[in-house]
Amino acid sequence: MKLESKVPEGPLAEKWTKHKFNLKLVNPANKRKYEVIVVGTGLAGASAAASLGELGYNVKAFCFQDSPRRAHSIAAQGGINAAKNYQNDGDSIYRLFYDTIKGGDYRAREGNVYRLAEVSVDIIDQCVAQGVPFAREYGGLLANRSFGGAQVSRTFYARGQTGQQLLLGAYSALNRQIANGKVKMYSRTEMLDVVVVDGKARGIITRDLITGKIESHSAHAVLLCTGGYGNVFYLSTNAKGSNVTAAWRAHKKGALFGNPCFTQIHPTCIPVSGDHQSKLTLMSESLRNDGRVWVPKVAHKGLKAKDAASIPEADRDYFLERKYPSFGNLVPRDVASRNAKMMCDEGRGVGASGLAVFLDFSDAIKRDSRKTIEAKYGNLFDMYQQITGDNPYEMPMMIYPAVHYTMGGLWVDYNLMTSVPGLYALGEANFSDHGANRLGASALMQGLADGYFVIPYTIGDYLANIGWNDKVGIDHPAFKEAIDKVNSQVNKLLSIKGKKTVDEFHRELGLTMWEYCGMSRNETGLKTAKKKIQGIKEEFWKNVDVLGSSNELNMELEKAGRVADFIELGELMVDDALSRSESCGGHFREESQTPEGEALRKDDEFTFVSAWEYKGENQPEELHKEELRFENVKLTQRSYK
């Protein structure tokens, strides 16, 4: 299979402009004859559904939450990047492009990343017009702050709740189209399969999560905007409902999966406190603007935050500032995470478990006043105190890395189309823009770029080429076959009646993934993980206990289907990590590191996207490679020193 990225030829800065002109258009009267399905209503899905409805298409939007405004995009805290250069500090579209390519350790397409940087400036204007209350400077201009991997201030924010405010903006636009009758909203509805006829995506199969009813929906095109798969690790910063099922079922219908092992570990999370936890909580990267990360120079076993002040300044190791003087505490997430782990591995971690480092605001409060820090981060400080009981105005936060975002996802071309014609993937559900490590404040940027400014152009080209008559109804045999397959799996899960709960299997899978395919990986560990996951899968289908029935609200049944998909994905992630024996970004192979312990790429062997093809139940997947070409940036060893 030859992978066609469809990145247009020509100068980098002209690619998207020329491509938009060369795409076929659908005239306004004909747009009313097309139907489009959007699965997921976070930033990517809500913005796409609203934009397509505004253009005149008939849209069906689906989410498993009770409302689109509960999508996990709401949890994003620190900000959204855009190359506005309001600070006049040297930013530009090209610098945002370069920082993003470098931050991803040169494992993303130049064309896609430049387009992302280019449309970033339009995103801010659109969101301001929608009423998003970005922070402002004294003179009225929008304020910016810094994020990791950049030496300029380009991150727009609304205190520590930027994702919530951006989602409310997209949600209002979506509601306008629902009121206009252009978008039909299906909440509490989960997609369980993609229907493919004659090689094209023709619709989806869903389950009503309240009644259990299985239904078919047909359309001219299907957009998957279903987020990432960080919950394969069980403990992550993702909402408990976040899952891979929509993307994974699409993968099993022919959509290639790109770079599945590329996982982002966020350095600034509240540490694990016990087996009672079902998820972890993110503390925004924006806190590293004013918080200083440190551990004692000499191990202090069990050091508590309230006792941190007793450690003299001379006995503190501000290790990020020491090792990376140019970027300090604002190094990219993968670098900060690995260094925090390194400190804890040396025995200098703090807290009862020793698996934490301090994030200290005492200097910033002395310098700028408590009132100033409260204005910037007040809701984050309140959240931390509610969870831990410690007051971060009076003592340092304790943080440790945790799984946050997944750079891998369904493989898409420049038009955001998967390898299945008519099936698109937007936002975190695709692999396209972040390489091996996402820079902070770029997830919101990509989701809104894809939904507001990319898919409205590119989907028109596909629809114009197939014509509005090329639509398959739900009476087609392929829909009945897909429904039968979904019902068969549901019945199988309910009939096993084993001895272990779904959560027990999920936790076992997550611990295996974190131990062997998490922050640090090696060949021996990955091979061990593969055997363990195969064992988990075998036992799952023999010994899982799913209570209740299919024709009712049944959260255990929902979880069981999602965990079954996570188990299969976990094995593919391990296979992908095994096949890539280099370190890059968040993928740290212990066999490939510099003398200073930094990630060491092997550009002569691995300058490609891994795209995996499903070959059948219990069969090895086939690896396809999309070679990456770098015409505008020079491949160098990443350095933030």
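K.L.:
Lay out the overall build of the chain with the relevant residues and their values.
P.N.:
A count of helices and strands for the chain gives 17 helices and 19 strands. Relative to a compact globule of 641 residues, whose C-alpha radius of gyration would be 26 Å, the chain shows 24 Å and is just as compact. Projecting the C-alpha coordinates of the chain onto the three principal axes gives extents of approximately 75 × 60 × 50 Å. Split into buried and exposed, the 641 residues of the chain put 62% on the buried side. Carbon and sulfur atoms provide 50% of the accessible area of the chain, an area that totals close to 24,000 Å². In the chain, which carries 81 positive and 78 negative side-chain charges, the distance between the mean positions of the two groups comes to 2 Å.

K.L.:
Outline the packing of aromatic side chains, listing residues and values.
P.N.:
Taken as a whole and assessed by the stated rule, the structure comprises 23 aromatic pairs. With a centroid separation of 6.4 Å and an interplanar angle of 75°, the aromatic rings of Tyr424 and Tyr462 are classed as edge-to-face. Here Tyr462 lies in helix 12 (residues 443-466) and Tyr424 lies in strand 17 (residues 423-425), a separation of 38 residues in the sequence. Across this residue pair, the class does not change: Tyr424 and Tyr462 are buried. On the basis of an interplanar angle of 65° and a centroid distance of 6.1 Å, the ring pair of Tyr452 and Phe453 is categorised as edge-to-face.

K.L.:
For the packing of helix 5 (residues 110-129) against helix 12, give the residues involved together with the corresponding values.
P.N.:
Remark: helix 5 packs on helix 12, axes separated minimally by 9 Å, with the N-to-C direction vectors making an angle of 80°. Here helix 5 lies roughly perpendicular to helix 12, going by the angle between them. Contacts from Arg115, Leu116, Val119, Ser120, Asp122, Ile123, Gln126 and Cys127 of helix 5 reach helix 12 at Met445, Gln446, Leu448, Ala449, Tyr452, Phe453 and Val454. Of the residues belonging to the contact of helix 5 with helix 12, the class tally is 10 nonpolar, three polar and two charged.

K.L.:
Tell me about the nonpolar core, and please be specific about residues and values.
P.N.:
The biggest cluster of nonpolar side chains holds 189 residues, and the ones touching the most others in it are Ile80, Leu223, Tyr424 and Leu463. The biggest single contributor to this core is helix 12, with 12 residues. With sequence-adjacent residues up to four places away left out, Ile80 is seen in contact with Ile123, Ile124, Phe134, Arg154, Thr155, Phe156, Thr162, Leu166, Ala441, Leu444, Met445 and Leu448.

K.L.:
Describe the sheet that holds strand 7 (residues 200-208), with residues and values.
P.N.:
Pairing is antiparallel in the open sheet, where three strands are placed in the order 6-7-8. One side of each edge strand has no neighbouring strand; the edge strands of this open sheet are strand 6 (189-197) and strand 8 (214-218). Taken pair by pair, the neighbouring strands of this sheet meet at an average axis angle of 25°, ignoring direction. Here eight bridges tie strand 6 to strand 7, and the two strands are oriented antiparallel to one another.

Conventions used here
Residues numbered from 1 in each chain as written. Predicted model: local features only at pLDDT ≥ 70, side-chain atom pairs only at ≥ 80, totals over all residues. Heavy atoms only, no water. Helix = DSSP H or I, 4+ residues; strand = E, 2+ residues; numbered from the N terminus. Rg over C-alpha atoms; globule rule 2.2 N^0.38 Å. Buried < 20%, exposed > 50% of the residue type's maximum accessible area, 1.4 Å probe, protein only. Areas by Shrake-Rupley, 256 points an atom, 1.4 Å probe, with all protein chains shown as cover. Lys, Arg positive; Asp, Glu negative; His and termini not counted. Charge placed at Lys NZ, Arg CZ, Asp CG, Glu CD. Phe/Tyr/Trp six-rings, centres within 6.5 Å; stacked < 30°, edge-to-face > 60°. Axes fitted to C-alpha atoms, helices over the stretch in contact; angles between N-to-C directions. Parallel < 35°, antiparallel > 145°, perpendicular 65-115°, else oblique. Contact = heavy atoms within 4.5 Å. Nonpolar A, V, L, I, M, F, W, Y, C, P; charged D, E, K, R; others polar. Core = buried A, V, L, I, M, F, W, Y, C linked by side-chain atoms within 4.5 Å. Pairing = 2+ DSSP bridges.

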